[in-house]
Structures are given as structure tokens and as C-alpha cells.
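Descriptive analysis of the structure
As a plain string of letters, each chain reads:
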Amino acid sequence: MKEIRLTGKTIVITGASSGAGRAAAFEFAQYQPNLVLASRNITALEEVADECREFGAEVLTVETDVTDPKAVIALANAANDWYNRIDVWINNAGVLAAGDFDTTPMEVHEQVIKTNLLGYMNGAHAVMPFFKSQHYGTLINNISVGGFTAVPYGAGYSASKFGLTGFSEALRGELTNWPCIHVCDLYPAFLDTPGIQHAGNYTGKQLKPAPPVYDPKRLAEAIVKVADDPKTSTYVGSTSLLLKVSHALFPELTTKLTGAIMRRYFKNAAPISSTSGNLFNTVNYGMAPYGGFGLPGKPKAHRKYIAGALATGLIAGVCLTLFRK
């Protein structure tokens, strides 16, 4: 196994106070880098920093709202001033809102896009001058399967994630003449994080991630590997790759099936009042890496195999139908 060498490198992580960002901070800390942790929730961020320092990492915390370009520029300046370098920048801060498109307030859709898409663009825009000055650097975008598979009842979320995929591709095209500056995308499947608990919810029903649900540590490990050995695209969890193939071959069918599954779920889900979650303000609940939807480790084997069998059956069934015509 290749040795991971990140000791002494300056690594910036946005959205580091909970979920995947918190898990990534813990994973990086084991390699004693200079960690710059950013989030709106400075109290939770300091808790993460204390735990990371126990692994021997140097840690700087910066309260940051990624929807504010000036705040993100300040974050980049603070990171560079600390050790006069930025080696890796991880765009991770993200939000979710669910509900029928026309009954979900437009300011909610706008906030999702400002955070998930413009927040990542703000990060790239702030760090790129430092990368170019250094002639090297790695930008990592944590996108999710939402970057290529539409999420019905999450139109703003889908718009932001599809937009991120296009943004990354365009940026890579611009950087062709900068061989040591890398733009890397990660596409994790559904994770056991508090993100869905923090979501804006206008469905009237309690939300849960679709199985199989993966341990965020798997994503954290993948981010560390990409930071050490940059790769353009990384799919975390076999479900991610299955959904990629399914959508590539049968986009309309995949989207319709996803919508049907969600409508069936809503019929049986427990009722809940509408909430804007953490869209406009930080929250003080669910700040751990895990959301409590599964056990740490791999997804339960039977759920993983069921998901694979369903995807394979869908593809095989449609292929047979096409060949019979």
C-alpha cells in the first residue's frame, strides 16, 4: 500500500463542524498536517479542532460562511498566512432542501444553490491565485451522486450538484497548462451523516437517506487518498458507480423510478412540520460525523446486494426490451 505523505501540508476543509467534513478532519489529523477548519458553527469547530490536536495535527479554525465571497477570501488569506502555503483545499460545506419545487420557497432554492454551487466556486476563486503563485495545489470538490443522478423533490439541490460537475470540468479545461494544479471530484453514495437531519424540509414527512447507507469514514479515507494522489473522479461506494451507469444508459427511466420510490416512501413516512433546517442559520444538534442511520463500517451486506441486484435488473430488463424491438 502506498504511503500517504501529508505531514506538514496545509489543508483547508470547509463544512468541517459535522458530517463528512468532521470525519475528514479526523482522518487527516492522523497524518499531522496543518489543518485549517472552516464552518459557520465556531463552537462545534473548536470541538473538532481539539480532537484533531490529540492526533498531533496543527489546527487553525476560521468561522466562515461560504456563501459570502469576502469571508472565503479571508479564509484563504488566513490559511496562507499561517504557513505561507495552501496545499489542498476541500470544498465540502453543503445543505439540502426537500419538497415539491413550486411549494418550496424560492429563497430556499436560492440558498441551496448559493451554498452548494456558489460556495464551491467562492472557494476555488479564493484559492486559485495561491495555487498559481505556488505552481501547485489540489482542489477537491465533494459533490455526491447528486452530480449525475437527479433528486426529485430536491430540484435546487440537483441544480447545484449538476452545476458543480460542469464547473469542475470547465475549470480543469482552463488549467490544462498548469499540470501541478489538480481539480478532483468525489461522488459518494448516501452517507450516514446528520446532513439530512439539518435539511430544509417542506415535504411534510420525516426524511431518511436511501439504503444502502455508507459510513462517512469511507468518504474521509477517499478524500485523504485523493489529497495525497490526485485523481479527477472518485466514486465512493459501489452504489455510486451503479447509479452513474444507470443514469448514463437510461436517464429518463432512472429519474422516473427515483421519483416513484420517493413518492412511495412519503406515503408511509412519519409526518413532520416544515422547517428551514440549517439553510439560513447554523444549528446546535447533530454535530457528530454520524447521523444515526446505520452502524459505522460498511453497509449491511444484504442491502448492498439488493441495491446492486435492483440496478442490474433494471439495466438488464431495459436492454431486453430494446433488443426485442
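What this report covers is the structure whose coordinates are included nearby. What you are looking at is a predicted structure, and each value in this text was computed from that prediction instead of being measured. (Residues numbered from 1 in each chain as written. Predicted model: local features only at pLDDT ≥ 70, side-chain atom pairs only at ≥ 80, totals over all residues. Heavy atoms only, no water.)

1. Here we look at the packing of aromatic side chains
The line we're drawing: Pairs were defined over the aromatic rings of Phe, Tyr and Trp, the Trp ring being its six-membered one, requiring ring centres within 6.5 Å. Orientation was assigned from the angle between planes: stacked under 30 degrees, edge-to-face over 60, tilted for the rest. Think of it this way: any DSSP run of H or I at least four residues long counts as a helix, any run of E at least two long counts as a strand, and we number them from the N terminus. Burial status follows relative accessibility: with a 1.4 Å probe on protein chains alone, a residue under 20% of its type maximum counts as buried, one over 50% as exposed, and anything between as partly exposed.
Counting across every chain of the model gives six aromatic pairs. Between Tyr187 and Tyr235, the aromatic rings sit 5.4 Å apart at their centres with planes inclined by 20°, giving stacked as the arrangement. In this pair, Tyr187 sits in strand S7 (residues 181-188) while Tyr235 sits in strand S9 (residues 233-236), placing the two residues 48 residues apart along the sequence. Under the relative-accessibility criterion, Tyr235 is labelled partly exposed at 30%. Three or more aromatic residues link up through ring pairs in this structure, and these residues are Phe148, Tyr187 and Tyr235.

2. Comments concerning the pairing of strand S6 (residues 137-142)
Here is the rule: Paired strands, as defined in this entry, are two strands with at least two bridges between them according to DSSP. Look down the strands so they point away from you; if the path from the first strand over the helix to the second goes clockwise, the crossover is right-handed.
In terms of burial, S6 is a largely internal element, six of the six residues being buried. Relative to S6, strand S4 (residues 88-91) runs parallel, the two being bridged by four bridges. Residue pairing across strands places Ile90 opposite Ile140, the latter belonging to S6. Inspection of the sheet shows S6 paired to S7 by six bridges, in the parallel sense. Paired with Asn142 across the two strands is Leu186, which belongs to S7. With helix H5 (residues 155-174) bridging S6 and the parallel S7, this β-α-β connection has right-handed handedness.

3. Observations concerning the pattern of salt bridges
The line we're drawing: Each reported salt bridge corresponds to a side-chain nitrogen of Lys or Arg within 4 Å of a carboxyl oxygen of Asp or Glu.
This structure, assessed with the given rule, holds 10 salt bridges. The salt bridge involving Glu3 is made with Arg5; its shortest N-O contact spans 3.7 Å. Like Arg5, Glu3 is exposed. Here the salt bridges do not stand alone but share partners, grouping Arg22, Glu47 and Glu51 into one network.

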